[in-house]
Amino acid sequence: MLTIYNCIANAHDLRLVGLAAIICAIASITAITLLRHARNAEGEMRYLWLGVSAISTGFGIWATHFVAMLAFSPGLPSGYNVVLTAVSLVAAILLVGAGLAIALIPNFRAGPAIGGGVVAGGIAAMHYTGMAAFEVQATMQWDAALVTASIVVGAVLGALALPVGLHRNELSWRIGGALLLTLAICSHHFTAMSAVTIVPDPSIAVSPLSVPAGWLALGVALISFAIIGLAVAGIALDIRDRRRTDLEADRMLGLANAAVEGLIVCDGDNIVTVNNSFAALACASTESFVGETLDACFPDDQPRADLMANPNMPVEANLRPRHGAPVPVELILRQIDFAGRPHQVIAVRDLRARKEAEQHIRFLAHHDALTGLPNRSHFNDRIDAELTSTQIGRKHAVLCIDLDRFKEVNDLFGHAAGDKVLQTIAARVSGLLGDGQIMARLGGDEFAILMPNIRHNAAAEKLAVRVLEVLRDRDDASELGSVSASIGIALYPDDAADRESVLAHADTALYRAKTEGRATHRFYETGMGDAVRDRRMLEHDLRGAVAGGQMALVYQPQEGMQRGTVIGFEALLRWTHPARGVVSPAIFIPIAEDTGAILEIGEWVMRTACAEAASWKQPLTIAVNVSAVQIYHDNFVPMVHQILLETGLSPSRLEIEITETALIRDLNRALSALRRIKALGVRIAMDDFGTGYSSLSNLRAFPFDKIKIDGSFIKSVNNNGQAATIVRAVVGLGRGLGLPVLAEGVETEAELQFLNDEKCDEVQGYLLGKPASIDHFVHVTEGVPLQPAIEVDVEIEADARVA
């Protein structure tokens, strides 16, 4: 390495060395650019550009050598043999051309590396031939090791230069390849120059025919720059012409392909060209249609004849694609000038989307969009058709189906889950139907089935039972809630003489099934209509009861056993109907839960009770029973919080009561709601303990603050040993868990004495005070403080206490 450095630094004119490096760099960049240009060319143009690249690169390498030789100053008379100098140039061009040609061999992965090695061989051949042309009054001695090193280094760098320069289109790869090729040329030259030692010898004479080094180098530099400049200019011109041609072609192609519709240019019946849209529509390439006739695409004769006879008029036809089914299309023909001659252009519009939309519209007119079942209109038409063709001795059955507690699915799991339930039920029930039977979705969660031409009522009952069974056996029941169904059945002509009547009677039987326990079926019977109409009127009136001022609260005191004083009140709901009078909570509360009116009523009860309690001077507690529908509603906790803020009632004075039965529908959701209520500071009591599941695990899992024993057990403590044992056990359980126990329904002194003996914490019942307006208890609410807390229980569920 020091030898090479000394050669460059001490034996060369560094200014000319810099000039040689510039020539070498320009030649290398030109070589890579021309080579990439040749690779992108086709046919004869590839060989033309390959020749231009070989000549310009060979001249560049040759010029680099002789300019660098000019920079070499041996201090002795010297010159260059013209013949050998020319041979060195030819060797450089031929070997470089061969290497570049190898690099461009298609599908030859090693081609660029091998070609780069051959180019390096051309560099070596040119250099040592050029050194042979160098005549000097001295003898030249060669270091074989450095000669070998120059060839090896040049070959390695050359083998790297072309793969890098041809790798990708990014400028960085081109510059990298040109830099490696420059290093290959320069490293070879100066390593080879370091390998020679010039020993002056006066006996050796320089030929008078040799060309002086200065003149040769200057000429070589000028010629090389000119050749490289011409090569760059040629590339620029070619690129400009190709870009102009490509832009023109792209513009023409873009105009055709800009159309979304397919376009066919034809001369008479012969296809001249097509655009991409038509080729895609016909599942073939654009070239495959050139020279074809129109009947190859549109086999039907009549549409073709109509198209030719009626220019500018739409004609529907079927396109025969290369693959797949025929495509309905619309054709419009117009006259155009193409290539200086009159031609026809046919616009081809795909009608599949429109046909599918028309078919879908027709389907939606008679079917339900969610389930795909026939809709009410289609179902009515089908009933009318069957009634007009009833066979002798046969009858038609109509089954009206309504899902039980479907609203809970939407409230708990969202409407997407509700839609899934409807789709699942539609699919599974439809699978039970026989030939000629039809199932329809009438709206919401209401379905209907028509069974035409059955012999006996038992066939309808059998199908109803199977429907109920398939709903009970749903795989997704645990995920989507316990949705069941009620079914009402009416028969033609037994129960009705026309469609409207048979549907109305089936609906009446359906309501009877719902009022008698749900998840069952009922046949229509005479007299059912009155009960159904009465229930529907009650539902209607209940929706306006709160706004109409028909609802009121009464309060029943609760006492602490130890001090014998009132510690709070339970607020009980009463409905005074303007026509019916007082309606029992056992009647209207279930209806309110079914219809969702319980949410509005429950909020009114909570707000009224809390506002009343907040006005008392004594800090008594107030307990409020809430429905499961409220607990599972997303707005329940925010509603309670808002009411506490508005009324100013201390959360510790409010006690919410809920039955265990209401919790088991969705334990996790109920637990989340109650924990949020607990976080507000509100107390929670388990109501009617002993009548439901009475699960000890629920007592442990849920954040209860109190246990309330149902009054049915209290009434039997003095004459039923089992009832007394149960009450005694619950009181002991509460004591063990640290939860106070309140006994409801205390009506006799004996019952009170029993509870006192068992050390029950709190009591409530007619013996202590009947439910009445709060005005009857002013002496309690406004008297001397008896307890630092107040408890009010607003009951909105149907049980014996609100009756």
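Remember, predicted model here, so these are calculated numbers, not experimental data. (Residues numbered from 1 in each chain as written. Predicted model: local features only at pLDDT ≥ 70, side-chain atom pairs only at ≥ 80, totals over all residues. Heavy atoms only, no water.)

K.L.:
Can you lay out the layout of surface pockets for me, pointing to particular residues and giving the numbers?
P.N.:
In this model, the largest pocket occupies a volume close to 1,100 Å³. Lining of the largest pocket is provided by 43 residues; of these, Arg518, Pro590, Glu593, Asp594 and Thr595 occupy positions nearest its centre. Contributions of two or more residues to the lining of the largest pocket are made by β10 (395-404), α13 (406-413), β12 (446-454), α17 (499-515), α18 (528-543), α19 (585-595), α21 (628-631) and α23 (660-663). Of the residues belonging to the lining of the largest pocket, the class tally is 17 nonpolar, five polar and 21 charged. (1 Å grid on protein atoms, 1.4 Å probe; cavity = no way out; pocket = protein on both sides within 12 Å on 5 of 7 lines; lining within 4 Å. Points joined across faces, edges and corners; volume = space filled by probe spheres on them. Helix = DSSP H or I, 4+ residues; strand = E, 2+ residues; numbered from the N terminus. Nonpolar A, V, L, I, M, F, W, Y, C, P; charged D, E, K, R; others polar.)

K.L.:
Talk me through the side chain of Glu657; I want residue IDs and the actual numbers.
P.N.:
With respect to the helices and strands, the residue Glu657 is situated in strand β19 (residues 654-659). In terms of polar contacts, Glu657 uses its side chain to reach the side chain of Lys708, at 2.6 Å. (Polar contact = N/O pair within 3.5 Å; in protein donor to acceptor, adjacent residues only side chain to side chain.)

K.L.:
Please provide a residue-by-residue account of a nonpolar patch on the surface, values included.
P.N.:
Taken together, the side chains of Val83, Leu84 and Val87 define a hydrophobic patch exposed on the protein surface, amounting to about 230 Å² of accessible area. Within the secondary structure, Leu84 is located in helix α4 (residues 82-103). (Patch = residues over 30% accessible without salt bridge, like charges linked within 9 Å, V, L, I, M, F, W, Y side chains within 5 Å. Areas by Shrake-Rupley, 256 points an atom, 1.4 Å probe, with all protein chains shown as cover. Salt bridge = Lys/Arg side-chain N within 4 Å of Asp/Glu carboxyl O.)

K.L.:
Which residues make up the packing of aromatic side chains, and what are the values?
P.N.:
Under the definition given, this model contains six aromatic pairs. Taken together, a centroid distance of 5.9 Å and an interplanar angle of 40° make the contact between Phe702 and Phe704 tilted. Assigned by exposure class, Phe702 and Phe704 land together as buried. Across from the ring centre of Tyr511, 4.1 Å away, lies the NZ or CZ of Arg536, which sits over that ring. (Phe/Tyr/Trp six-rings, centres within 6.5 Å; stacked < 30°, edge-to-face > 60°. Buried < 20%, exposed > 50% of the residue type's maximum accessible area, 1.4 Å probe, protein only. Lys NZ or Arg CZ within 6 Å of the ring centre and 35° of its normal.)

K.L.:
With reference to specific residues and values, describe the packing of helix α20 (residues 598-614) against helix α22 (residues 636-647).
P.N.:
Interaxial distance between α20 and α22 falls to 9 Å at its minimum, and their mutual angle equals 30°. Judged on the interaxial angle alone, α22 and α20 are roughly parallel. The handedness of the crossing between α20 and α22 is right-handed. Here Glu603, Met606, Arg607, Cys610, Ala611 and Ala614 of α20 come into contact with α22, specifically with Met639, Val640, Ile643, Glu646 and Thr647. For the contact of α20 with α22, a count of residues per class yields seven nonpolar, one polar and three charged. (Axes fitted to C-alpha atoms, helices over the stretch in contact; angles between N-to-C directions. Parallel < 35°, antiparallel > 145°, perpendicular 65-115°, else oblique. Left-handed = near helix turned anticlockwise from the far one by under 90°. Contact = heavy atoms within 4.5 Å.)

K.L.:
Break down the pairing of strand β6 (residues 270-274) for me, with residues and values.
P.N.:
Where a strand is regular, its side chains alternate between the two sheet faces. Two elements, strand β5 (residues 262-267) and β6, share four bridges in a ladder whose sense is antiparallel. Across the sheet, Ile264 pairs through a bridge with Val274, a residue of β6. Between the end of β5 and the start of β6, which pair antiparallel, lie two residues, with Gly268 showing a positive phi angle near 70°. (Pairing = 2+ DSSP bridges.)

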